[in-house]
Amino acid sequence: QVQVVESGGGLVRPGGSLRLSCVASGRVFSGNVMGWYRQAPGKERELVADINSGGSTNYADSVKGRFTISRDNAKNTVYLQMNSLEPEDTAVYYCNIRYGLSVLAWGQGTQVTVSS
């Protein structure tokens, strides 16, 4: 069984920064992909960014140049550094871990609110 737990959400003003963390535990094997998704009220969940164990990354167009995903394989942890935050980034942010197309676990989500 694999579990992931997110942390680091909160309230921030437009233009501010936040760093999210996600730790995976349990039967975590190499070769996985860890990713961040978000879901705003009334909208579908969407991919924000993901990263494989080799460090290759993938970003949504809306966050390119503002968000950076990284990981520490030794700690089974993935981070999302979010800079230049905009009100449109307000959402619940979820972490997941997958092998290929098989998602093993989702986190409970962490709220990010960007507001003045």
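Everything below is about the structure printed above this text.
So, here is what we can say about the structure in this document. (Residues numbered from 1 in each chain as written. Predicted model: local features only at pLDDT ≥ 70, side-chain atom pairs only at ≥ 80, totals over all residues. Heavy atoms only, no water.)

All right, on to the sheet that holds strand 7 (residues 67-72) then. Read from one edge of the open sheet, 4 strands run 1-3-8-7, paired in antiparallel fashion. What marks the edges here is a single partner per strand, and that holds for strand 1 (2-7) and strand 7. On average, each strand axis in the sheet is inclined to that of its neighbour by 15°, with strand direction left out of account. The pairing of strand 7 with strand 8 (residues 77-82) spans 6 bridges and is antiparallel. Its bridge partner lying in strand 8, Asp72 is registered against Thr77. (Pairing = 2+ DSSP bridges. Helix = DSSP H or I, 4+ residues; strand = E, 2+ residues; numbered from the N terminus. Axes fitted to C-alpha atoms, helices over the stretch in contact; angles between N-to-C directions.)

What follows concerns the packing of aromatic side chains. Scanning all chains against the criterion turns up 1 aromatic pair. Centre to centre, the rings of Tyr37 and Trp106 are 5.0 Å apart; their planes meet at 70°, and the pair counts as edge-to-face. Within this pair, whereas Tyr37 is found in strand 4 (residues 33-39), its partner Trp106 is found in strand 10 (residues 102-106), the two being separated by 69 residues in sequence. Residue class for Tyr37 comes out buried when judged on its relative accessible area of 17%. Directly above the aromatic system of Tyr79 lies the positively charged group of Arg19, at a separation of 4.1 Å from the ring centroid. Here the basic side chain of Arg45 rests over the ring of Trp106, its NZ or CZ set 4.6 Å away from the ring centre. (Phe/Tyr/Trp six-rings, centres within 6.5 Å; stacked < 30°, edge-to-face > 60°. Buried < 20%, exposed > 50% of the residue type's maximum accessible area, 1.4 Å probe, protein only. Lys NZ or Arg CZ within 6 Å of the ring centre and 35° of its normal.)

The subject of this paragraph is the environment of Met82. One can find Met82 in strand 8. For Met82, a relative accessible area of 0% puts it in the buried group. Considered as a pair, Met82 and Gly9 are 73 residues apart in the sequence and their alpha carbons are 11 Å apart. Once residues lying within four places of it in the same chain are set aside, the contact partners of Met82 are Gly16, Ser17, Leu18, Leu20, Arg66, Phe67, Tyr93 and Val112. (Contact = heavy atoms within 4.5 Å.)

What follows concerns the side chain of Arg71. On the secondary structure map, Arg71 appears in strand 7. We note that Arg71 is buried and unpaired, the nearest opposite charge coming from Asp72 at a distance of 8.0 Å. At 3.1 Å, the side chain of Arg71 forms a polar contact with the backbone oxygen of Ile51. Contacts of Arg71, omitting those with residues within four sequence positions, involve Asn32, Val33, Met34, Ile51, Asn52, Ser53, Thr77, Val78 and Tyr79. (Lys, Arg positive; Asp, Glu negative; His and termini not counted. Salt bridge = Lys/Arg side-chain N within 4 Å of Asp/Glu carboxyl O. Polar contact = N/O pair within 3.5 Å; in protein donor to acceptor, adjacent residues only side chain to side chain.)

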